[in-house]
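Here is what each chain is made of, one letter per residue.
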Amino acid sequence: MAASWETLAEEWAGNDSALIAEVDCTDDEAADLCEIEGVEGYPTVKYGDPAMLENYDGERSLDALSAFAKENLKPTCSPSHLELCSDEEKATIDKIQAMSLDELDDAIDTIEDKIEEAEDDAEKAIERLQEEYEAIMFELTERQKTLKKENNYSLLKSIYLQMEKAAEENSEL
């Protein structure tokens, strides 16, 4: 992916509305930025408003990255690009800009709490699914053991293999 990324960065060099860059999250100087942006694995590709980057989960080929960049790396409605906003979006921006820092902080905390709650709910659901999966697999294993024992499976296989070997030996003569 490194070569594709370098080529994409060259294609977008000097663009007034978008920047293709890389950050080395193993570098101590970048650690804070990487933590703020939630970078947990490498390479992580982010895009969008620098104040609210989103994860890119698409293909990593040059063609895919280039197509995505052309479609998505352009100015969008934001406080710094009000000319691109609808009247409804402008009203929302005005309402949010009228909030105090404490109100903004509370609103952000509320959303982050809801996100954390959603993540916790998902984690609990995954744990329940894992327990259900383990129960199903245990039941399957026990059923297989019972079927084999009740039907003399080991004995059947053993005799079959002996007879098969004898048939092969006879056919060689």
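Structure shown above.
About the thresholds
- Residues numbered from 1 in each chain as written.
- Predicted model: local features only at pLDDT ≥ 70, side-chain atom pairs only at ≥ 80, totals over all residues.
- Heavy atoms only, no water.
- Disulfide = S-S within 2.5 Å.
- Buried < 20%, exposed > 50% of the residue type's maximum accessible area, 1.4 Å probe, protein only.
- Core = buried A, V, L, I, M, F, W, Y, C linked by side-chain atoms within 4.5 Å.
- Helix = DSSP H or I, 4+ residues; strand = E, 2+ residues; numbered from the N terminus.
- Axes fitted to C-alpha atoms, helices over the stretch in contact; angles between N-to-C directions.
- Left-handed = near helix turned anticlockwise from the far one by under 90°.
- Contact = heavy atoms within 4.5 Å.
- Nonpolar A, V, L, I, M, F, W, Y, C, P; charged D, E, K, R; others polar.
- Arc of directions from axis to C-beta.

(A) Inspection of the state of the cysteines at higher detail. Applying the stated rule across the entire model yields 2 disulfides. Bridging C25 to C34, the disulfide has an S-S length of 1.9 Å. Between C25 and C34 the disulfide shows an S-S torsion of about -85 degrees. By sign, it is left-handed. Of the residues examined, C34 reaches a relative accessible area of 6% and is grouped as buried. With its sulfur 2.1 Å from that of its partner, C77 forms a disulfide with C85. Judged by the sign of its S-S torsion, about 100 degrees, the bond between C77 and C85 is right-handed. On the basis of relative accessible area, C85 is assigned to the buried category, the value being 10%. Along the protein, the cysteines that take part in disulfide bonds pair up as 1-2, 3-4, counted in sequence order.

(B) Seen up close, the nonpolar core. Ranked by size, the top nonpolar core spans 11 residues in total: W5, L8, W12, A18, I20, V45, Y47, Y56, L65, A69 and L73. Of all the elements in the fold, those that place two or more residues in this core are helix 1 (2–12) and helix 3 (62–72). With 3 residues, the top contributor of residues to this core is helix 1.

(C) The packing of helix 1 against helix 3, seen in detail. Interaxial distance between helix 1 and helix 3 falls to 9 Å at its minimum, and their mutual angle equals 35 degrees. Between helix 1 and helix 3 the crossing geometry is right-handed. Between helix 1 and helix 3, the residues in contact are S4, W5, T7, L8, E11 and W12 and L62, L65, S66, A69 and K70, respectively. For the contact of helix 1 with helix 3, a count of residues per class yields 6 nonpolar, 3 polar and 2 charged.

(D) Local environment of helix 3. Among the residues of helix 3, L65, S66 and A69 are the ones counted as buried. Angular distribution of buried residues about the axis of helix 3 spans 95 degrees; they occupy a single face of the element. Helix 3 presents D63 and E71 as exposed residues on the side facing more than 90 degrees away from its buried surface. The inward-facing, buried residues of helix 3 contact helix 1.

Such coordinate-based values are descriptive only and should not be taken to indicate function.
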